[in-house]
Amino acid sequence: MAAESLWNNRLRTALTMLGVIIGIAAVIAITSIGQGIQKSTEIQLQALGTNSINVLTGAARTGGINQGGGSASTLTLEDAQAVAKAPAVKLVSAYLQRIRQVSYGNQNTSTTVIGTDVNYSPIRNTFPTEGRYFEQEDIDNAKSLVVLGSKVKSDLFGRANAIGERIRIQGEQYQVIGVMESKGSSGGFDQDDRVFIPLKNMSARQVGNNALQGISVSGFWVQALDESELEAAQFQLTNLLRLRHKIYPPQPDDFRIVNQTDIVSAFTNIVGLLTLMVGAIAAISLIVGGIGIANIMLVSVVERTREIGVRKALGATRAAILNQFLTEAILVSGLGGVIGIGLGIAIAYGSATIFQFPFLISIWAVLAGFGLSMIVGLVAGVIPARSAAKLDPIQALRSD
């Protein structure tokens, strides 16, 4: 009888379910999209190496004003070579980077030029898909060679072969020997929008040797023996650099250390909290949907007062009337929950396909969403059902 009553009022039933459908779909879709983005970012960061540390130059001060990290030339190639001898360190790769104009023929682009060495590729877990990377001889002799990021290669050469061609970096000619694999964006930076040249060539021809002693660098990547040795490597290189730079407490360090594992952990926590917050906001629409169900059921009681009176006059008990109206409310919320689950999964799958991140569905989100919709239906149906069950049959039959 409850199902028949809902079917006879299909439009009203559909509109009543709409709040529940939107609420469940939003909760599932947002939870899935948040988990997918979180997983995608974790994969990208882990692909760049989670057992690595980035040591950056410190901040210069002008007139007592901090100029920001990286504004001072406080690290040298010799610092990197000294750190490479630490017991917990496996590899070290010093780098010097600047924004430069790169051109080929009538094509040009502004990109990040990184002067580095042979260890950069294994530490950053990025390798050429075309041509080759630098050899030690190229680094030692400061050869004018360049390895392009995939985006720069596309900007300058399109689909044409770039190996062996010569490009200009800030007016200086460099021969292309390789094209790096695509890594996408990470932390707001496009990993493919960059080019690589030998560190000593970068220092001599693009920047100039501006350190008082040795070759000034922007920083260096340090790879620990494994993830369990990451903290030991960080401790060792911190103390070593303090000794080399004659820094004693309470003097501040003139360098900064960024731990990749900490970045992954922090980003995971932030995305998780944002997903939880937005999911909670979406769940509010379930409450709105429950209020809608309660309103429609109360209207239904008023409209069907005479029907309730007839049923009671024919012997229907208060429990029977109560059960019918409760069943109608639960059917509306339950069916809305099922449709909402299907819609939420479809939205999540479509988003994952379009924006190319992993498609993940939490079974707990589905069960929680459906369970919440049933609870909403039950709670929303109690007051109208009790109102219907309490009607006096004589008064109900006399109702217009």
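Preceding this paragraph is the structure being described.
Since this is a predicted model, take the numbers as computed values, not measurements. The numbering scheme is per chain: residues are counted from 1 as the chain's sequence reads. Reporting of local features is limited, given that this is a predicted model, to residues whose pLDDT is at least 70; pairs of side-chain atoms are given and counted only at 80 or more, and all residues count toward the totals for whole chains, interfaces and linings. Water and hydrogen atoms were dropped before computing side-chain values, which therefore reflect all heavy atoms in the structure.

> Honestly, the side chain of Asn259 in this entry has me stumped. Any pointers?
Within the secondary structure, Asn259 sits in strand E16 (residues 255-259). Only protein chains enter the calculation, and the probe is 1.4 Å; a residue is then buried if its accessible area is under 20% of its type maximum, exposed if over 50%, and partly exposed in between. We classify Asn259 as buried; its relative accessible area is 8%. Counted as a polar contact is a pair of N or O atoms within 3.5 Å, where, for protein atoms, one must be capable of donating a hydrogen and the other of accepting one, and residues adjacent in sequence contribute only when both atoms are in side chains. Within the structure, the side chain of Asn259 is placed 3.2 Å from the side chain of Gln234, a separation counted as a polar contact. Residue contacts are counted whenever heavy atoms from the two residues lie within 4.5 Å of one another. Those residues within four positions of Asn259 in sequence are excluded, and the remaining contacts are Ser52, Leu230 and Gln234. We count a stretch as a helix when DSSP gives it H or I for four or more residues in a row; a strand needs E for two or more, and each element gets its number in order from the N terminus.

> Whenever I open this one, the pattern of salt bridges confuses me. Can you help?
Pairing of side chains with opposite charge becomes possible as their charged atoms draw close. Note on definitions: salt bridges are taken to be side-chain nitrogens of Lys or Arg within 4 Å of carboxyl oxygens of Asp or Glu. With the rule as written, the count across this model stands at seven salt bridges. Note that Asp79 is salt-bridged to Arg244, the shortest N-O span being 2.6 Å. Here Asp79 is found in helix H3 (residues 77-83), whereas its partner Arg244 is found in helix H8 (residues 230-244), with 165 residues between them in sequence. Judged by its relative accessible area of 3%, Asp79 is buried. The salt bridge partner of Glu172 is Arg205, with a shortest N-O separation of 2.2 Å. Pair noted here: Glu172 is in strand E10 (residues 172-180) and Arg205 is in helix H7 (residues 199-207), with a separation of 33 residues, a long-range link.

> Explain the side chain of His245 to me, please; I cannot follow it from the model alone.
Turning to its location among the elements, His245 is positioned in the loop between H8 and E16. A polar contact of 2.9 Å, which involves the side chain of His245, links it to the side chain of Asp254. Sequence-distant contacts of His245, defined by excluding residues within four places in its chain, comprise Thr74, Leu75, Asp79, Asp254 and Phe255.

> Teacher, can you tell me more about the pairing of strand E9 (residues 166-169) here?
Consecutive side chains along a regular strand alternate between the two faces of the sheet. Judged by which residues are buried, E9 turns out to be one-sided: Ile167 and Ile169 face inward and are buried, whereas Arg166 and Arg168, on the alternate face, are not. The pairing of strand E5 (residues 89-104) with E9 spans two bridges and is antiparallel. In the strand pairing of E9, Ser103 is matched with Arg168. Here, a strand pair is defined by DSSP locating no fewer than two bridges between the strands. Inspection of the sheet shows E9 paired to E10 by four bridges, in the antiparallel sense. Following the sheet pairing, Ile167 is matched in E10 by Tyr174. Counting the residues that bridge the hairpin from E9 to E10 gives two residues, and of these Gln170 lies at a positive phi of roughly 55°.

> Help me understand the packing of aromatic side chains in this model?
Remark: the centre distance and the inter-plane angle together describe each pair of aromatic rings, the angle taken between the planes. Put simply, two rings from Phe, Tyr or Trp (the six-membered ring, in Trp's case) pair if the centres are within 6.5 Å, and we call them stacked under 30 degrees between planes, edge-to-face over 60, tilted for the rest. Applying the stated rule across the entire model yields four aromatic pairs. For the pair Tyr120 and Phe196, a centre-to-centre distance of 5.2 Å together with 50° between the ring planes defines the contact as tilted. Here Phe196 lies in strand E13 (residues 194-198) and Tyr120 lies in helix H4 (residues 120-124), a separation of 76 residues in the sequence. A centroid spacing of 5.3 Å and a plane angle of 85° characterise the contact between Tyr349 and Phe359, whose relative ring orientation is edge-to-face. With Tyr349 in helix H11 (residues 318-355) and Phe359 in the loop between H11 and helix H12 (363-389), this pair connects stretches of sequence that are ten residues apart.

Read these as layout, nothing more, since geometry by itself doesn't imply function.
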